[in-house]
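Report on the structure
Now for the letters of each chain:
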Amino acid sequence: CSDDFLDVDPRENIEDVDSNLDPEFYVNSTYGSYTEWDFAFSWLGVTEMISDNADKGSSPSDAGGDKNLLDALTHTSTTGSIQAMWTRFYTTINRANYALGYIENYDEAYGLDAAYKNRLIGEAKFLRALSYFYLVRMFGDVPLLDINESASWGVRVTKSEIYAYIEADLQDAISKLPNKNEYPAEDLGRATKGAAQGLLAKVFLYEEKWQDAYDMAGTVMSTGGYGLEADYATVWRESTENGIESLFEIQARGEVVAHGVQQYSQTQGARGTSGWGWGFNTPSQNLLDAFNAEGDNIRRDATIIFRGETLWDGREVSVEVENPMYNEKAYTSFNSGDGDTDKNIRVIRYAEILLIRAEAATYVGGDAAGPLNQVRNRVNLAPIASPTVQNIWKERRLELAFEHDRWFDIVRTGQGQAAMAADGKTFVVGKHELFPIPNAQLIQTPNMTQNPGW
Amino acid sequence: VLSAQEDSLRIDQYSVEELSDSLDGDFGLELEETVVVGYGTQKRGDLTSAVSSVKAEDIMKQPATTAMQSLQGKLSGVNVLNSDAPGATPTVIIRGMGTALNGMNPLYIVDGLVVSNINNINPNDIQSIDVLKDAASSAIYGVRGANGVVIVTTKRGRGKTRITYDAYAGVRNAMNMVDMAGTQEYVQYFNEAEAAAGGIEFLSTSQPYNTDWFDEVLNTGMFFNNSVAISGSSDNFGYYFGVDHFAEEGILDDNKFKRTTVRNNNDYKLFDNRLRISQNISATFTHEIPKPFGAIDLAYRQSPLMPVTFADGTWGVPNYNVETGVAGPIGQPMNSHGNPVANLYFNNEKINTTTLQGNLEATLDIVDGLSVTSRAGATKYWYNKRAFAPLLDQWLAADPTRTEAQYTGNKNSLTFNEIETFRWSWENFVTYTKSFGSHNLSAVVGVNAEEQSIGFFSNMTGYNVPVEEQYWSIHHATGETTIDQNNYTKKSLASYFGRLQYDFDKRYFITAIIRRDGSSTFYDNKDFWGTFPSISAAWNVTNEEFLKDNGVINFLKLRGGWGKLGNDNIPFIVNKINTSLESNSANYVFGPGQDLIFGAYLGSPVKDVSWEIVKEYGGGVDFEFLSGKLFGTADYYHKTTENAILKITPVYSSGFNEDFYDHAAEIVNKGYEFSLGWRDNTSSGLRYSVSGNINFNDNEIVSVLPAYEGMMGGSLGNGRLTKRLEAGQELGSWWMYEVEGIWQSDEEITNNPHIAGAQPGFLRYKDQNGDGVIDDRDKKFFGGYIPSYTYGVNLSLEYKGFDFSVTGYGVGGNKIYNGINNARIGGENVSMEMYNDRWTGAGTSNTNPGAYRDYEASNYYLEDGDYFRLSNVTLGYNFRDMFGAARNMRVYVTAQNLFMITKYSGFTPELTRNTGDQPYDGNPYGTTGVELSAYPTIRTFLAGVNFEF
């Protein structure tokens, strides 16, 4: 009877379960984490400006916090953009972890439709895998987060364990997620089976599991129902959002309340007189030269805004803007300079699946030319009959420029030193392959080790 | 052994007459004193555990609004930190700090009833206070005993009718004020900083104003207290009736505090004293007009160039004319701080509280030695605060060029905060006492049920009410109104307890306690029941044959014990779910229409937090030598908090972004307590006693959970942190740069490791790890803010009708961070000490920075916190039977805090107040120990009179 006396109903705060929030809320916020400001600024620094494709941009006097350091490859463990992404990835993983726990608890308490439950689990795992993939690419060995086990927060586990964890998440997501065409319309934009397969193919590529990458890319090609947009220039426009080429995008809308990757277009919009943005993350001369050397005018003109040109929507880019080139893939016609972009950020698209297939094929002896030339054909480039892996690397660079992959591609393929030297930067072998673990994290968890060379 | 209430009837009620009598003759009396130990009493000489006590006379001697203030320096191991603010609650820490946050206060028991504090008790109504310091004694209160137990027993009627009247009145002012720079020095300092920073806008040396801000905001405070008590008893009925009124005007303009208490304690004896009923009722009313202590902080920081008001009557602002460098209403600001006097003027708040408390107790003797007691009690509390903010006037005051026409916001706001709470308890216990030859046995077993936090709060705000105070209600607000009301989650506690005391021939004593507590707070956890045992033993050596009739050793007892305790007064754990319409972070868009879909996430982890567990062992010796002239105790204790709860700032790799509470560390407090005294009479009629006590406490974090180790805290509010959690250090240890001089030249800076932006005149920090870079890795530990020893000294003299007593209190081995000196934004005033010692160019100083300096946390601002205060000096004279009906009249004068000896350069190293007006939250990784906001120590002079009829 005294136990009954101690069973007191809470009044002050509504308990977790009583709040009765549909588990979908927690999955939604995991997507939401990908629309945070970090992905509009810090992310540009650690994926693009650091590479040979892009320069810092803006004005010489505006360092963009620390973007000048990343651009010059002089970043350190205290570079804020690196810490911001580190924290952001863990925030996202945390939300996915909590969602996964909540889904189970909710199911136990109230019951969930099995298909719905599977879908939610698949979405959370896909989003978690994506963040782990970003983490492991940048930092190598990283903590494997258990939100309930604080001891896990400060211990790095090996890169291979993280990759195994990502694979397991994606395999489970593949088994649970519906295909893109199986979703009701209002759920367009959620993670799909194809998205998980595409990401897994890419993960295999980074792991150099060539046969697996080849097979998984093949699965997407044969069963996903995806294809290429006819006109490359439209691939990054609002008109093709969630279209045939899209495996996964970060969703955005322009109307009030606006919602998208916060300020993604604004940070990269043309700067100066008649400009509409801050002018960061500008195409490098090195990239322009690469397009020109290949005679790749279609992709060049779809990727780069030139000072003084007239854009596809009729906007005249003043000759007064501060930099000669800007990133056209970040340009949005509707709310170009507004706080939130209305542009969906393409994370995985079908052209990359073809290139993964082609690259893996060069190692496993499959058909590399077929998928490669589909990509080249769209932009009126001559087919290559027996492509080398170098051909495919170059194709990746031009096809996927400003899609946040270039730096990791040159590191992955061992081109770092040469590529950066060609861009006038010094890539220190044995150091620059990984980013430094943020200093602030090491102060918090002194037993965590730093990456070599930092 | 008698029950607590019955026995307290036998304890002499305090009176001046008896105070004097007690000093006559036999000094061994204290051993026969009764000590209340929870659900019973014991003779002091029979105790097996560490219990300290004070009697009414000690409390009466040091007039204070709450009795705990009077205890400072009187009891070893009981550390009382006083706050001099009117109506404030002192912080009490017993035997070191091992425990969490706001749950570090001792458990208070008044006449057997658990209460949340004793602020509502008139000190004049208190008969005795007994402090259970060790686990061996506190275990009777189980899950709530970890911080020690303070047991208050109020007075009861006894003997013939007695009327007492006590009154005192006094004045207060601030002491140990920091000497601030005047106009000339301020201008010089400001211009030096401006020049060093590369600025070109200087102040003129010719200025129209020279304001002493402390003069402007501080007054001499006054207070008055009147207390009347009537008590007495007949064979079957005893009564005590007391009324007290205390009124204080604080040292800040218009700061007021009033308290009225009424108490009635009655005792009834029925059926030949076989049934005893006692009833206690008290009512306490307070009325307070608070004023923001932030005004004192502003007075420290604001420039003396700024006037209180300009010639045209507008409020002063810290502006100066850029062309002429002269202060005036127009121009650019010297600093970003407000007007201290306006800050006080615009603050319009009042707080009323009412506390009703009472209990009813009945004890029935069933057979000889066996009695049963039932006790029920309750506390009801109402709090009501009203705050009026003249938003328009405040807006206008911030800039003399503003006009009313430009203002678009609400003209004023009116806020009410109301709290209503109720708590009750009901306990029943059986006491059995029996002696068989030399075997003495006493046992108590009982049950307790309790509920607290039954109630609600409501906050209401209305905008734009009429300016006339009579219309200050939300009903008359013409602007927006908001309301927030919530019910508290009540807390239930169920307990079973038992204690067995046995002694053989008054030589060998043993006590065993067990308590089992269940708490509703932890009902969702697996373990919401906990068992808390203790065992202790004592050997009274003086009762052995070989020491009988010994002329030197009158009393000698050895004690030792072990116990396990809990602390369930843990912070309320909230797992906040964040979900918001505007939040970019939580929401997302889906579908062809890209509809905005809401999301939710959790800010901090869900932690299975339960009570803290404390295990303590210790032992001691009590002695009286030389016919009781020399007396004392010595104790050792070792107290381990196995799962201390700390407020954790999550690490980046956790993915959480909000602080949370968790069991994070194991903390050990160990130390010694000594008290020693001497008392004697001389043949000339002088009676005197001298005593002292000291407590050495060593605090150490034994271990920390992995991801919590390395946590930083102690924010200076400017992005700089001063503390770090690490095993092997003490709780709340300082962690910062070590200063190794002052940069003298640019060349020196270029050639040595330095922080970014270093300039000549800046503090130079040591590159501890020699990596050529100054960063967090170069910070080191500098000890903590917790004193390693605290001590008190007491002297009392009586000669003829005169009585004279002195009490002093001190601490040592602690460090205080002078945050008000360090955390500057720019343009603040400085102390004369900083001004005079400053660096003014190469070779002028290698210890003190120049006017232009950085604001990193470093040991330059960390100072010794040792202090000694002469806390009380009292001189009195007794007129016995000299005035008609009055049996006695005593007049006395008292000085409190006559002086303080400290090397600390700020206001006071006795910090109970931290940021702004926030009360001391006790979080060792918060700002505790950082003086961020000035509040001076107060010196008091008072005169009083006691009549007894």
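Residues numbered from 1 in each chain as written. Chains lettered and ligands numbered in written order. Predicted model: local features only at pLDDT ≥ 70, side-chain atom pairs only at ≥ 80, totals over all residues. Heavy atoms only, no water.

What about the overall build of chain A?
Which entries qualify depends on this criterion: Secondary structure follows DSSP: runs of H or I at least 4 residues long count as helices, runs of E at least 2 residues long count as strands, and numbering of each begins at the N terminus. We compute the radius of gyration from the C-alpha atoms alone; for a globule the expected value is 2.2 Å times N to the 0.38, where N is the number of residues. Burial classes follow relative accessibility: with a 1.4 Å probe on protein chains only, a residue under 20% of its type's maximum area counts as buried, one over 50% as exposed, and anything between as partly exposed. In what follows, a contact means two residues having at least one pair of non-hydrogen atoms within 4.5 Å. By the counting scheme adopted, Arg and Lys are positive, Glu and Asp are negative, and His together with the chain ends is not counted. Note that the charge is assigned to NZ on lysines, CZ on arginines, CG on aspartates and CD on glutamates.
On a plain count of helices and strands, chain A comes out with 18 helices and eight strands. Taking 22 Å as the expected radius of gyration for a compact globule of 454 residues, we find that chain A reaches 22 Å, a close match to that expectation. Principal axes of the C-alpha set define a box for chain A whose edges measure 85 × 50 × 45 Å. Buried positions account for 62% of the 454 residues belonging to chain A. Expressed as a percentage of contacts within chain A between residues at least 6 apart in sequence, the contacts between residues at least 24 apart total 69%. Positive and negative side-chain charges in chain A, numbering 39 and 67 respectively, have mean positions lying 6 Å apart.

As for the nonpolar core
All names here are of chain A. Selection rule: Each nonpolar core is a collection of buried residues, namely Ala, Val, Leu, Ile, Met, Phe, Trp, Tyr and Cys, held together in the definition by side-chain atoms within 4.5 Å.
Phe 126, Ile 166, Phe 248 and Phe 435 are the most contacted members of the largest nonpolar core, which totals 169 residues. Considering every element that reaches this core, the biggest residue donor is helix H6 (residues 114-139), with 14 residues. Excluding residues that lie within four positions of it along the chain, Phe 126 makes contacts with Leu 170, Ala 173, Leu 177, Ala 191, Ala 195, Ala 196, Leu 199 and Phe 248.

A look at the environment of Ser51(A)
All names here are of chain A. Our working definition: Contacts described as polar in this section are N or O atom pairs within 3.5 Å, which, within protein, must combine one atom able to donate a hydrogen with one able to accept it, while residues neighboring in sequence count only if both atoms come from side chains.
You can see Ser 51 is positioned in the loop between helix H3 (42-49) and strand S1 (54-57). On the basis of relative accessible area, Ser 51 is assigned to the buried category, the value being 0%. Note: C-alpha distance between Ser 51 and Leu 70 (19 residues apart in sequence) is 8.7 Å. Apart from residues lying up to four places away in sequence, Ser 51 is in contact with Arg 406, Trp 407, Met 420 and Asp 423. At 2.7 Å, the side chain of Ser 51 and the backbone oxygen of Glu 48 are in polar contact. Within the structure, the side chain of Ser 51 is placed 3.1 Å from the backbone nitrogen of Asn 53, a separation counted as a polar contact.

As for the environment of Ala217(A)
All names here are of chain A. Structurally, the position occupied by Ala 217 is in helix H9 (residues 210-223). Residue Ala 217 is classed as buried on the basis of its relative accessible area of 0%. Considered as a pair, Ala 217 and Leu 70 are 147 residues apart in the sequence and their alpha carbons are 33 Å apart. If we ignore the near neighbours within four places in the chain, the residues touching Ala 217 are Ala 201, Ile 353, Ile 356 and Arg 357.

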